[in-house]
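Chain and residue survey
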Amino acid sequence: MTDWVKPLPQHHGAHGGLMALGLLVASGIVVWATHPRQSIPPVSEAPPAAHAPPVPTPLPAGRLAETPSEPVIVAPLPTRVTATGFVSFDERRTTHIGVPVAGLFEKKRATSVGRWIRQGETLGTIYSPEVYLTTVDLLGELRTFTSQENVDRERIRLLRWGMPRPTLAAIEKKMTPQLALPLVTRTAGIVVAEQGESRRMIDPSSRFELFTITEPAYTWVFVQVPDADAARTQPGTPAKLTVEGITRPIAAKVAYVFRRSEEGKRTVRFDVYSPRVMLPPNARVSAELQLSATPAPAKQ
């Protein structure tokens, strides 16, 4: 052994253990510092999502977002619409004479159907005890005259039954009660219907019409039109009417569109004037209306 190599002196006492511990700690630090390390993510950090949605970019204030939309298909509405209905009398030119009071009914003629009747013409007479007693009460009020109200009450009863004013004035002038109630038509026209046999007792409970007088050249035609088509229908809308029993179609225009809807349809009325061809009442009608071709968005 050479002279310059000398063994470490042996330490004795308490400092030997501390020195050994310090050498162990120092070697551990050197090993940790020189050994390669792998980065471990912190436990609290969640892994990124596999398909994270993109974050939308906010638009500037006052600018609307542009969203893709499909084109709206606009379909033209049909210009020809067919509706069905029936013929009726023009009520403005029609008189219905019913049974106003109970009594013995007597016709002026055996039959009046088809005859032209003047306004104010008498078609028959009802001989009624109730009419006689009312005229007696009226004349009694006129003789004693306690109040105008009582006189007017008896007059109104007779007028409601159809007593003509000239006849009522004659009764008051002569001061003679009357059993007969004449049946007078208020309008001129043709008798198109009559019921009831002459020299028979009749009663208001029967509720039938003794005579129906009208001008047959004037009629009403009613048809039912779906609500969507009725909304495009207005007075003056042209139409072609095909009437049951009539060979040629009749040109007409809408006169009135009813507002009320029933089962998805509204009633449309035509005022028809046909002096050469009489339209039979209650005949079926097919109407072809020429509506406007206003387009509307198709249902989506």
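See the structure above.
Definitions and limits used
Residues numbered from 1 in each chain as written. Predicted model: local features only at pLDDT ≥ 70, side-chain atom pairs only at ≥ 80, totals over all residues. Heavy atoms only, no water. Helix = DSSP H or I, 4+ residues; strand = E, 2+ residues; numbered from the N terminus. Buried < 20%, exposed > 50% of the residue type's maximum accessible area, 1.4 Å probe, protein only. Contact = heavy atoms within 4.5 Å. Pairing = 2+ DSSP bridges. Phe/Tyr/Trp six-rings, centres within 6.5 Å; stacked < 30°, edge-to-face > 60°. Core = buried A, V, L, I, M, F, W, Y, C linked by side-chain atoms within 4.5 Å. Arc of directions from axis to C-beta. Axes fitted to C-alpha atoms, helices over the stretch in contact; angles between N-to-C directions. Parallel < 35°, antiparallel > 145°, perpendicular 65-115°, else oblique. Left-handed = near helix turned anticlockwise from the far one by under 90°. Nonpolar A, V, L, I, M, F, W, Y, C, P; charged D, E, K, R; others polar.

Right, let's get into the environment of A239. Relative to the assigned elements, A239 resides in strand β12 (residues 238-243). On the accessibility criterion, A239 (9% relative accessible area) is buried. Other than its neighbours up to four places away in sequence, A239 contacts I250, A251, A252, F270, E288 and L289.

Before going further, it helps to examine the environment of V192. Its place among the elements puts V192 in strand β8 (residues 189-194). Its relative accessible area of 23% is what places V192 among the partly exposed residues. Sequence separation between V192 and W116 is 76 residues; the distance between their C-alpha atoms is 9.6 Å. Excluding residues within four positions of it along the chain, V192 makes contact with F89, V113, T212, T214 and M278.

Phi is positive for M175, which is not a glycine, with a value near 55°. With respect to the secondary-structure elements, M175 resides in the loop between α4 (165-174) and β7 (180-184). For R199, which is not a glycine, the phi torsion comes out positive at approximately 60°. You can see R199 is positioned in the loop between β8 and β9 (200-202).

Turning next to the sheet that holds strand β3 (residues 94-97). Spatial ordering of the open sheet is given by β3-β10-β8-β5, a layout of four strands whose pairing is antiparallel. Only two strands of the sheet have a single neighbouring strand rather than two, namely β3 and β5 (116-117). Bridge count between β5 and β8: two bridges; the pairing is antiparallel. Bridge pairing links I117 to G189 in β8.

Our next topic: the packing of aromatic side chains. In total, this model carries six aromatic pairs according to the counting rule given. The interplanar angle of 40° and the centroid separation of 4.7 Å between the aromatic rings of Y218 and Y273 together place this pair among those described as tilted. Separated by 55 residues along the polypeptide, Y218 in strand β11 (residues 218-226) and Y273 in strand β14 (residues 265-273) bring together distant segments of the chain. A relative accessible area of 24% places Y218 in the partly exposed class. Classification of Y273 by relative accessible area gives partly exposed; the value is 49%. For the pair Y256 and F258, a centre-to-centre distance of 4.9 Å together with 85° between the ring planes defines the contact as edge-to-face.

Next up on the list: the nonpolar core. The tendency in soluble globular proteins is for nonpolar side chains to be buried as a group. With 24 residues, the main nonpolar core has V221, V223, L241, V243, F270, V272 and L289 as its most contacted residues. Elements with a minimum of two residues in this core: β2 (80-89), β11, β12, β13 (250-262), β14 and β15 (284-290). The leading source of residues in this core is β13, at four residues. Counting residues in each nonpolar core, the second largest holds 23 residues, with V99, L123, L183 and L210 among its members.

In this section: α4. What α4 keeps buried is the set L168, I171 and E172. On an axial view of α4, the arc spanned by its buried residues comes to 95°, and they lie on one face. Pointing more than 90 degrees away from the buried face of α4 are the exposed residues P166, K173 and K174. Next to the buried residues of α4 lie α2 (129-144) and α3 (148-160). One or two positions beyond α4, positive phi appears at M175, with a value near 55°.

So, about the sheet that holds β9. Pairing between the strands of a sheet comes from backbone hydrogen bonds, and it takes one of two forms, parallel or antiparallel. Strand order in this open sheet of four strands is β7-β6-β4-β9, and the pairing throughout is antiparallel. Since the sheet does not close on itself, it has two edges, and those belong to β7 and β9, each with one partner. The mean angle between the axes of side-by-side strands here comes to 35°, regardless of whether they run parallel or antiparallel. Sheet analysis places strand β4 (residues 103-107) next to β9, joined by three bridges and oriented antiparallel. Bridging across to β9, L104 finds its partner in M201.

This paragraph deals with the packing of α2 against α3. Across the interface, α2 lies against α3 with an axial gap of 9 Å and an inter-helix angle of 155°. Here α3 runs roughly antiparallel to α2, going by the angle between their axes. In the crossing of α2 with α3, the sense of the turn from one axis to the other is left-handed. Contact residues: α2 offers E130, V131, T134, T135, D137, L138, E141 and L142, while α3 offers N150, V151, R153, E154, R155, R157 and L158. Looking at the contact of α2 with α3 residue by residue, the class counts come to five nonpolar, three polar and seven charged.

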